[in-house]
Amino acid sequence: MNFEHILLSRHGEGDRQTGLITLNRPKALNALNDALMDELGQALLDFDQDPTVACIVLTGQDKAFAAGADIPELARHDFMSAYRSELISRNWETIRRVRKPVIAAVAGFALGGGCELAMMCDTIIAADNARFGQPEIKLGVIPGAGGTQRLPRAVGKAKAMDMVLTARMMDATEAERIGLVSRVVPLAQLLPEALQMGALISTLSGPAVMLAKEAVNRAFETGLSDGVQYERRVFQALFGTPDQQEGMAAFLAKRPPVFEKA
Ligand code: DAK
């Protein structure tokens, strides 16, 4: 597949690289049209399958991570075409099928579907100019890619209602304070920080990293006792992997571990 609306690159060495996906429709502030979402879905699945890639970073440009779904595309729909159309929903959930960690590196606007896309990643690193928002209410609609569900889980009901009902944008400092993002860094440091995080994760046990991601995500899908039970089984299962032997043997021998790749 030839990619027109995203850029791909790889960082790091050998079979422990970080795959970087850059949304690339800067003139439209990376508005997420169907063609872009198709490309993004394909690129995510390609990196997930690629044995030389251990981690994925998703980013945009300095002015925008993504300013939402493409409004001219949305504007063409009526209820029945939105209901029937595969176009409006295809590939919005593909990112949830990716087993390797996906880090969102967000600078500038992350609005509407852009904010929702960032929240579908496993963690968000924000530049100090990042602005998050769910402005759909100003278009006469509501978030449609999980914003009303993931935002309250991430930041609680009061802040989620504040954002969804008023369309107010939240700056990076507030986003970090309420737990929407994991770190805020100066704009120039955004990509280095995200790639460094990717590089660090890439040195760890691939099986443990993927299962840790799955276990944390399970917390959002299930009750506490089922989640803890799931975690216990995964913990026990990891004792069947060479990396558990290696990690613990290396600790006891006071040497660095050499883990399996993702
Ligand atoms: N779509 C298309 N083009 C956009 C865009 C968008 N969301 N956001 C910005 N642009 C374009 C502008 O039209 C402008 O294009 P030209 O006029 O230069 O051709 C260019 O990007 C630069 O934008 P501005 O001139 O407006 O730049 P400013 O700095 O003045 O303002 C802004 C930046 C981000 C505050 C403003 O552009 C803005 O308010 N944009 C719209 C933000 C928004 O309302 N986003 C939510 C869209 S609705 C679903 C999946 C997803 C969704 C729904 C369902 N399913 C799976 C069912 C998601 C829905 C949404 O995201």
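Refer to the structure above for everything that follows.
Residues numbered from 1 in each chain as written. Predicted model: local features only at pLDDT ≥ 70, side-chain atom pairs only at ≥ 80, totals over all residues. Heavy atoms only, no water.

Engineer: For the site of the ligand, give the residues involved together with the corresponding values.
Structural biologist: By nearness alone, 24 residues border the ligand, and K63, A67, A69, I71 and G113 come closest of all. Measuring from an oxygen atom of the ligand, one finds a backbone N or O atom of K27 at 3.4 Å. A67 places a main-chain nitrogen or oxygen 2.9 Å from a nitrogen atom of the ligand. For the ligand, the protein covers 62% of the area, taking 1,100 Å² as the surface of the free molecule. Secondary structure elements with two or more residues in the shell around the ligand: α2 (71–75) and β6 (109–111). (Near = heavy atom within 4 Å. Polar contact = N/O pair within 3.5 Å; in protein donor to acceptor, adjacent residues only side chain to side chain. Areas by Shrake-Rupley, 256 points an atom, 1.4 Å probe, with all protein chains shown as cover. Helix = DSSP H or I, 4+ residues; strand = E, 2+ residues; numbered from the N terminus.)

Engineer: So, the sheet that holds strand β8 (residues 131–133): which residues are in play, and what are the values?
Structural biologist: Reading across the sheet, the four strands line up as β4-β6-β8-β9 and stay open at both edges, with mixed pairing between neighbours. Each end of this open sheet is capped by a strand with a single partner; those strands are β4 (64–66) and β9 (170–171). In the sheet, β6 pairs with β8 via three bridges, with the strands oriented parallel. Residue L111 lies in a different strand from β8, and its bridge partner there is G133. (Pairing = 2+ DSSP bridges.)

Engineer: Outline helix α9 (residues 206–218), listing residues and values.
Structural biologist: Compared with the 18 Å implied by 1.5 Å per residue over 13 residues, the 18 Å span of α9 between its first and last C-alpha is a close match. Regarding α9, the residues found buried are G206, V209 and K213. Taken end-on, α9 shows its buried residues confined to a sector of 70°, consistent with a single buried face. Against the buried residues of α9 lie β5 (102–106), α8 (190–202) and α11 (242–252). One side-chain oxygen of the residue at the start of α9 lies 3.2 Å from the amide nitrogen of A208, identifying that residue as S205. (Expected span 1.5 Å × (residues − 1). Buried < 20%, exposed > 50% of the residue type's maximum accessible area, 1.4 Å probe, protein only. Arc of directions from axis to C-beta. Contact = heavy atoms within 4.5 Å.)

Engineer: Tell me about the nonpolar core, and please be specific about residues and values.
Structural biologist: By size, the foremost hydrophobic cluster in this structure holds 44 residues, and its most contacted members are I21, L23, L40, L58, F65, V106 and F132. It is helix α1 (residues 34–49) that contributes the most residues to this core, six residues altogether. Core analysis: the second largest hydrophobic core is formed by 15 residues, C55, A107, L190 and M197 among them. (Core = buried A, V, L, I, M, F, W, Y, C linked by side-chain atoms within 4.5 Å.)

Engineer: Give me the lowdown on the pairing of strand β3 (residues 53–59), citing residues and values where you can.
Structural biologist: Burial of β3 is extensive: seven of the seven residues sit out of reach of the surface. As paired strands, strand β2 (residues 17–23) and β3 are joined by six bridges and run parallel to one another. The partner of Q17 across the bridge, within β3, is V53. Crossover connection from β2 via α1 to parallel β3: handedness right-handed. (Right-handed = clockwise from strand over helix to strand, strands pointing away.)

Engineer: Summarise the pairing of strand β7 (residues 123–127); cite the residues concerned and give the values.
Structural biologist: For β7, the tally of buried residues reaches five of five residues, placing the bulk of the element in the interior. Residues T123, I125 and A127 point to one face of β7 and I124 and A126 to the other, with burial holding for every one of them. Where β5 lies against β7, four bridges are found, and the strand directions are parallel. In the sheet register, I103 faces β7, and the bridge partner there is T123.

Engineer: Describe the sheet that holds β5, and please don't skip the residues or the numbers.
Structural biologist: In spatial order, the strands read β1-β2-β3-β5-β7-β10; together these six strands make up an open sheet with mixed pairing. If you trace the sheet from one side to the other, it starts and ends with β1 (6–11) and β10 (183–185), each paired once. Within this sheet the neighbouring strands show an average axis-to-axis angle of 25°, counted without direction. Where β1 and β2 come together, six bridges link them in antiparallel fashion. Bridged to S9 within β2 is L20. Strands in contact with α8 are β1, β2, β3, β5, β7 and β10; relative to β3, the strand with the most contacts, it is inclined by about 160°. (Axes fitted to C-alpha atoms, helices over the stretch in contact; angles between N-to-C directions.)

Engineer: Before we move on, can you summarise unusual backbone geometry with the specific residues and values?
Structural biologist: The phi torsion at N30 lies on the positive side, around 60°, for a residue other than glycine. Relative to the elements of secondary structure, N30 occurs in the loop between β2 and α1. Its identity as a non-glycine residue notwithstanding, A167 has a phi of 70°, on the positive side. One can find A167 in the loop between α6 (157–166) and β9.

Engineer: Any details on a nonpolar patch on the surface? Residues and values, ideally.
Structural biologist: A surface patch of nonpolar side chains, amounting to about 320 Å² of accessible area, comprises I71, L74, L139 and V141. By the secondary structure assignment, L139 is in the loop between β8 and α5 (147–155). (Patch = residues over 30% accessible without salt bridge, like charges linked within 9 Å, V, L, I, M, F, W, Y side chains within 5 Å. Salt bridge = Lys/Arg side-chain N within 4 Å of Asp/Glu carboxyl O.)

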